[in-house]
Amino acid sequence: MSVVFFILILITAATLSNVLDSKIEFLPRAIVQILIGLALSLVPGFNHFNLNPELFMLAIIAPLMYYDGMNTNINKLKLTLGNTFSLAIGLAITTIILVGYLGYTLLPGIPLALAFALASIITPTDAVAVSSVTENLEIPNEAMLSLKNESLFNDASGIVAFDLALTAFNTGQFSPLMSILNYLYVFFGGLLVGWIIGWLFIRLQLLLIETNIDNPNVVVPINIIKPFAIYLIAEEFGASGILAVVAAGLIQSTQSKSLRLTSTKTQVVSKTTFEIFTNLMNGFVFILLGVSLPTVIYDITNNGREVGSMGYLILIGILLYIAMIIIRYLWVTFRLASIRIRPEAQSLNRFLIAINGIHGTITLSMAFSIPLLLKGADFPFRNDIIFIAATVIVLSLIVPSVILPLMLPSKSLSYSLDDIAKYRQQMINYAVKGVVEAGEDPVETQAVVATLRSQQSTIRHPKRWKTFRILEKCFNLEEDILQNMVDNDEITEKQQTLYQKMTLIQSSQLRQSFFQSLMHRVKYSIIKMTHHLKRRLKSVDQQKLKKTILSARDDIAKIEDQISPQIFAYLKKTLADDNHAEIHWIEGYYRERHRRFQNNERTNEIQEELFINAFQNEYNFIQNQLNKNMISRELASLLYEQVSNDEWIYMQNDSIYN
């Protein structure tokens, strides 16, 4: 399989996981992505998939850890630095030793060094997985802060211990003093390299600001290259590339105020690019885990295993997972990691820190980095170790997903109804200002402004199934009115048929599936781009056809002019508290349709450009407020959804009119 095709499939799968995640609320996104990966393993080219650990660490883990460091509050990290290192170093090393000896006891015939290698693999925690499991729950800030800070640094503890264990197994030699010195070099060397190179990158960006060449085409590529370059340089020096990118991200975080001097456009593009990029990388991690699991199971089943049955391997994974939960709980209980919490919340926080030791990216990468061969033969216990590690990852995701919703309340909204009304009003004002400043025909400008103003009084969350049910009644009402007009000789049967065709198109397009709607959006964009070109290419012979179409449009407009008032009266009559959002959406739909048919072609062209600019201005307003931390991500998502609804109304009518 070509690399390009492989990446395109992964991007598609990650995008699909985001879609499903918004619909499947009872499963964390990581589990959804693993399931998609399992399905993807059936696709030719993805079955018998073997992960390249070095490429995985460089291409996926490095940018993710850099982004985590960049979004870490450095002041809070300073206050909890002792606690963080206690969890990331002290707890990690203790867990490796205790779980290593437990694994040595449970796995008959496994060398002690490989038992420690297994323990090193399953010890590091994953902030991405923690966020995936807890994103909809109200988890105490103290516990969440401890978990995130721990996961920034304990990866290095696991990786160094893993390398030492493999070296001891391959050479048969182990020196405690050299191991400690090597650990200190790798750990603090990585931090030092990341700090130095991160600082140099900051100086470069400040230089670009001073020389006024900090445009997105320069800054964004530099920011994308940064984590890869830092990781490779640190690894070249034998230090921890993971800690190097974390340190560089922390340096970036400390200089965020100085970097705000860069242009707003560059800030918006950089932030958006990184958010999309890291979202895809997060998806890749768990999708690849799902893709890899069938290969591991196949290898164990067909290539033999050193330890009992597969059921026994699952049992060992469960026992090791329980042991790690107990060790984490006792570590906090004995105050080896002190967390500033209220006395009444101590028991809850201890349990949360214990059960949220969730594993993912680094565990997966280290498991697959075990060599395939040793002295020309299969590496002993490789498949068993990988399968146990995969079992621990899946358990650490499923158990909190089941238990935490029973213990914690759902996350409360980060905004109020007043906030929605306030920022929606500001958003519409911003869009209106852009429409007025466009300097188009005053009459058409005012028509667009009036339509935009009509949106500001309603907070809309229309449910599509309820909207379609009311729309069906509206379409039936139109049929009845239309038949009465024929019976009273107000219109001809030919005009009736023409109007019925239009309503049939409406009904079918409004019932489009997600993928049909996506294709419709693509088609809509293409139509917009080619609209003016088509007008210029029309021949003289087409003028007759144009007159016929305009005549038909005029007939529909006259009929629609009589039907619309009755539809609005019906909607007003059926308005209730439980369908307010749906009725408002339908009113907007019919109002936009009425406007389209009452205007001439030139008028619609002008208004089309103004509406497109208005929608773009509304999106820009939301992004600017988000970048300035004036609104939360949840409120931004709500506002995005409302703009999208407005755009949907416009697009459906635009297609029907065309």
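Refer to the structure presented above.
Quick notes on the rules
Residues numbered from 1 in each chain as written. Predicted model: local features only at pLDDT ≥ 70, side-chain atom pairs only at ≥ 80, totals over all residues. Heavy atoms only, no water. Helix = DSSP H or I, 4+ residues; strand = E, 2+ residues; numbered from the N terminus. Buried < 20%, exposed > 50% of the residue type's maximum accessible area, 1.4 Å probe, protein only. Contact = heavy atoms within 4.5 Å. Areas by Shrake-Rupley, 256 points an atom, 1.4 Å probe, with all protein chains shown as cover. 1 Å grid on protein atoms, 1.4 Å probe; cavity = no way out; pocket = protein on both sides within 12 Å on 5 of 7 lines; lining within 4 Å. Points joined across faces, edges and corners; volume = space filled by probe spheres on them. Nonpolar A, V, L, I, M, F, W, Y, C, P; charged D, E, K, R; others polar. Phe/Tyr/Trp six-rings, centres within 6.5 Å; stacked < 30°, edge-to-face > 60°. Patch = residues over 30% accessible without salt bridge, like charges linked within 9 Å, V, L, I, M, F, W, Y side chains within 5 Å. Salt bridge = Lys/Arg side-chain N within 4 Å of Asp/Glu carboxyl O. Expected span 1.5 Å × (residues − 1). Core = buried A, V, L, I, M, F, W, Y, C linked by side-chain atoms within 4.5 Å. Axes fitted to C-alpha atoms, helices over the stretch in contact; angles between N-to-C directions. Parallel < 35°, antiparallel > 145°, perpendicular 65-115°, else oblique.

Caption draft 1: Spatial organisation of the overall build of the chain. When you go through the chain residue by residue, the secondary structure sums to 26 helices and 2 strands. Taking all 658 residues of the chain together, the buried fraction comes to 50%. Put simply, 83% of the contacts in the chain that link residues at least 6 apart link residues at least 24 apart. On the chain, roughly 31,700 Å² of surface is accessible, and the fraction owed to carbon and sulfur atoms is 61%.

Caption draft 2: Up close: empty space enclosed by the protein. A full pass over the atoms with the stated rule returns 3 cavities of 30 Å³ or more. Surrounding the largest cavity, 15 residues form its lining, Thr123, Thr125, Met324, Arg328 and His359 being those nearest its centre. Residue assignment for the lining of the largest cavity shows that the elements contributing at least two residues are helix H5 (81–106), helix H8 (141–171) and helix H14 (310–333). Broken down by class, the residue content of the lining of the largest cavity amounts to 7 nonpolar, 6 polar and 2 charged.

Caption draft 3: A look at the packing of aromatic side chains. Considering all chains together, one arrives at 7 aromatic pairs under this definition. A ring pair is formed by Phe187 and Phe188, whose centres lie 5.1 Å apart and whose planes are at 65°; its orientation type is edge-to-face. With a centroid separation of 5.7 Å and an interplanar angle of 45°, the aromatic rings of Tyr430 and Phe621 are classed as tilted. Highlighted residues: Tyr430 in helix H18 (residues 417–437) and Phe621 in helix H25 (residues 601–627), separated in sequence by 191 residues. Among the residues examined, Phe621 registers a relative accessible area of 7% and is labelled buried. Through a chain of ring-to-ring contacts, three or more aromatic side chains come together here, namely Phe85, Phe153, Tyr183, Phe187 and Phe188.

Caption draft 4: Focus on a nonpolar patch on the surface. On the surface, Ile314, Ile318, Ile322, Ile326, Tyr329, Leu330, Phe334 and Leu336 cluster together into a nonpolar patch covering about 690 Å² of accessible area. As for its placement among the helices and strands, Leu336 is situated in the loop between H14 and helix H15 (346–355).

Caption draft 5: Representation of helix H2 (residues 29–40) in the model. Taking 1.5 Å per residue, 12 residues should reach 16 Å; H2 reaches 16 Å between its end C-alpha atoms and fits that length. Every buried residue of H2 is listed here: Ala30, Ile31, Val32, Gln33, Ile34, Ile36, Gly37 and Leu40.

Caption draft 6: Here's a closer look at the side chain of Arg350. Its place among the elements puts Arg350 in helix H15. Overall, Arg350 belongs to the buried group, its relative accessible area being 16%. Discounting residues that sit within four places of it in the chain, Arg350 has contacts with Tyr329, Val332 and Thr333.

Caption draft 7: Representation of the environment of Trp331. Following the sequence through the fold, Trp331 ends up in helix H14. In contact with Trp331, not counting residues within four places along its chain, are Ser86, Leu87, Gly90, Leu91, Thr94, Leu336 and Ala337.

Caption draft 8: Local environment of helix H11 (residues 241–254). Given a rise of 1.5 Å per residue, 14 residues ought to cover 20 Å, and the 20 Å separating the end C-alpha atoms of H11 matches this to within 8%. With respect to burial, H11 is a largely interior element, 13 of its 14 residues being buried.

Caption draft 9: Quick peek at the nonpolar core. Ranked by internal contacts, the top residues of the largest apolar core, which has 125 residues, are Ile60, Ile61, Ile121, Ile122, Phe153 and Leu397. With 14 residues, the top contributor of residues to this core is H8. Not counting residues up to four positions away in its chain, the partners in contact with Ile122 are Val99, Leu320, Met324, His359, Thr363, Ala389 and Val392. Counting residues in hydrophobic clusters, the runner-up holds 25 residues, among them Tyr415, Ala431, Val449 and Phe611.

Caption draft 10: Fine view of the environment of Tyr640. Within the fold, Tyr640 resides in helix H26 (residues 633–657). Separated by 18 residues in the primary sequence, Tyr640 and Ile622 have C-alpha atoms spaced 7.4 Å apart. If we ignore the near neighbours within four places in the chain, the residues touching Tyr640 are Tyr619, Ile622 and Gln623.

Caption draft 11: Just the side chain of Arg382, in detail. By secondary structure assignment, the location of Arg382 is in helix H17 (residues 382–407). Residues within four places of Arg382 in sequence aside, it is in contact with Phe368, Ile370, Pro371 and Leu372.

Caption draft 12: Geometry of unusual backbone geometry. Even without a glycine there, the phi angle at Arg335 is positive, about 60°. Looking at where Arg335 falls in the secondary structure, it is placed in the loop between H14 and H15. Among the residues examined, Arg335 registers a relative accessible area of 58% and is labelled exposed. Non-glycine residue Phe381 carries a positive phi angle of around 65°. The topology assignment puts Phe381 in the loop between strand E2 (377–378) and H17.

Caption draft 13: Main features of the packing of helix H3 (residues 53–70) against helix H16 (residues 361–368). One way to put it is that H3 packs onto H16 with a least axis distance of 8 Å and a crossing angle of 155°. In terms of their interaxial angle, H3 and H16 are classed as roughly antiparallel. Taken together, the residues of H16 that come into contact with H3 (itself represented by Pro53, Phe56, Met57 and Ile61) are Thr361, Ile362, Leu364, Ser365 and Phe368. Looking at side-chain class alone, the contact of H3 with H16 contains 7 nonpolar, 2 polar and no charged residues.

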